[in-house]
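Here's the letter readout for the chains.
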Amino acid sequence: MIFSIADRSVVSADEAVWGQFQNGGLAVADEDWLPTSWSPESNIAWTAEIQGYGQSTPIVAHDQIVVTSTSGAEKDDYHVASFAMDGTKKWQVDRTNPSPFKNSPMVSRAAPSAVATQDGFVAFFEGGVLVGLSTSGDVLWERDLVDQFGKIEARHGLSASLEYDNTNVFVWIERQTDPYVMAIDPATGEEVWKVPGLGSTSWSSPRLISVGEESHLVCSASGKIVGFDPSTGDRLWEFTDISGNTSCTPMPAGDGRFLMGASGGREERNAGSAPQNNTLIKIEKSDDNTFQATAVWRADKATSTFGSPVAAGDTAAFVSRAGVLFRLDLETGERVSNTRIKAGSVWATPIVAGGQIYLFGSKGTTSVVSMDVGKEIATNRCWEIESEAPAFGGGHKIYAGAFVKPYLLIRRGDQLFAVKQ
């Protein structure tokens, strides 16, 4: 079996089973080992403490689990930690933040996820630290993007994870002034190309979308989605008939198609039309060899929050800020079902695994929903419900989930949980 992103082989499944943010938008194979039931007292194989706090996805590759975090009152230090498959810490690399900023729930805290490459890992932090690491934690190269290209300023911080196509690693710095997208050689850290960014607010991540025999690097920011040529950085197309698309990452939905989520939250100007911006978009090549992106359908009521929508079999799944799961027909956009889930609002992107959707509620409850009927079949937690409701962004939150046989890994800001049925 080959683990692939946008139809490009990355590394063998023995080496990488969750090699990047959202697993590249790929579903997990139907396996009988997938856990569906757990609690603080049962089916948690191990837990691992993470130094400081982080909001990134655990990366599983090269027979280890890698997480990133930050610590200190001013996010003074960044950390890349590796754990063995039994939860034992293998190594940790620490780096000083070149751009200290108050450590607060209102800003990103080690939000960008790392990527697994052929030879190790590449990690990036919102303070400008970009570092290449071997599988044993040796620093292969390091870059300070603030020193090279200037200060990174963005409302609520930078959240864009890294993307990888087996040739280049892609870094997206959508800052307030002079934003940019760049490709680097993962072996050396050297720049392959660097082009202007989108010039709009974004906390989403770049995503490779397959279009025929090639791939496009797709970036989404408020009111604009742009497709880049991964080899050159050339802009291939631009889609502007959208709003509220600041947080969700484009999610693959078949050749040349991707789901786009949008919300009508406090950062958005056009809350009333939020459902119309939750859409399926298709990229097509014209007779003159140029590309266009158009909306195939738009939702009637479905909206998103921080978690991106996912393609789940023949349906598209969106979870609203109120914790309502909308299932729409993937081809037509017609509503199949809508269910209020016990997980509540999700910040982590749902995972499609086997015939189920795993919905990670931001406050710690995970709902498991049957794809066939849209029915919630299990509700689980890794820690007890907190007695007091914390302020926005405070308290313990689930930021990501990842599957690696025989575990479901759940990432909390300060802890990693391994669930095993």
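The coordinates are above.
These numbers come from a predicted model, not from an experiment.

Q: Could you give me a rundown of the pattern of salt bridges, with the residues and numbers involved?
A: Evaluation of the coordinates by the stated rule reveals 11 salt bridges. For Lys285, the salt bridge is made with Glu214, and the minimal N-O distance between the two is 3.7 Å. Note that Lys285 is positioned in strand 23 (residues 279–285) and Glu214 in strand 18 (residues 214–221), a separation of 71 residues in sequence. One salt bridge connects Asp414 with Arg412, and the closest N-O pair in it is separated by 2.8 Å. By relative accessible area, Arg412 is classed as buried at 8%.

Q: Which residues make up the nonpolar core, and what values do they have?
A: Among the nonpolar cores identified, the biggest contains 35 residues, and Tyr358, Phe403, Leu409 and Ile410 are the most heavily contacted of them. Those elements that place two or more of their residues in this core are strand 4 (44–49), strand 6 (64–71), strand 7 (77–83), strand 29 (351–353), strand 30 (356–360), strand 33 (398–404), strand 34 (407–412) and strand 35 (415–419). Not counting residues within four places of it along the chain, the set of residues in contact with Tyr358 comprises Leu34, Pro35, Thr36, Trp38, Pro350, Ile351, Ala353, Ser367, Val368, Phe403 and Leu408. Within the second largest apolar cluster, 26 residues are counted, among which are Ala312, Ala316, Val352 and Met371.

Q: Pulling in residues and values, what's your account of the sheet that holds strand 4?
A: Here we have 4 strands laid out as an open sheet, ordered 4-35-34-33, and antiparallel in their pairing. In this open sheet, the two strands that pair with only one neighbour each are strand 4 and strand 33. Each neighbouring strand pair of the sheet contributes to a mean axis angle of 15°, computed without reference to strand direction. Note: strand 34 against strand 35, 4 bridges, orientation antiparallel. Counterpart to Ile410 in the pairing with strand 35 is Phe417.

Q: Run through the state of the cysteines, naming residues and quoting values.
A: Simply put, the disulfide is a covalent bond whose two ends are the sulfur atoms of two cysteines. Enumeration according to the criterion identifies 0 disulfides in this entry. Take Cys248: it sits in no disulfide, and the sulfur closest to it among the cysteines is that of Cys219, at 15 Å.

Q: Mind laying out the sheet that holds strand 31 (residues 365–370), listing which residues take part and the relevant values?
A: Note on sheets: strands pair through backbone hydrogen bonds, and any given pair is parallel or antiparallel. If you trace the 4 strands from one edge of the open sheet to the other, you get 29-30-31-32, paired in antiparallel fashion. Whereas interior strands pair on both sides, the edge strands pair on one side only; in this sheet they are strand 29 and strand 32 (376–381). Mean inter-strand twist for the sheet, computed between neighbouring axes without regard to direction, equals 20°. Judged from the 5 bridges that link them, strand 30 and strand 31 form a sheet pairing that is antiparallel. Pairing of Gln356 across the sheet is with Ser370, part of strand 31.

Parameters and conventions
Residues numbered from 1 in each chain as written. Predicted model: local features only at pLDDT ≥ 70, side-chain atom pairs only at ≥ 80, totals over all residues. Heavy atoms only, no water. Salt bridge = Lys/Arg side-chain N within 4 Å of Asp/Glu carboxyl O. Helix = DSSP H or I, 4+ residues; strand = E, 2+ residues; numbered from the N terminus. Buried < 20%, exposed > 50% of the residue type's maximum accessible area, 1.4 Å probe, protein only. Core = buried A, V, L, I, M, F, W, Y, C linked by side-chain atoms within 4.5 Å. Contact = heavy atoms within 4.5 Å. Pairing = 2+ DSSP bridges. Axes fitted to C-alpha atoms, helices over the stretch in contact; angles between N-to-C directions. Disulfide = S-S within 2.5 Å.

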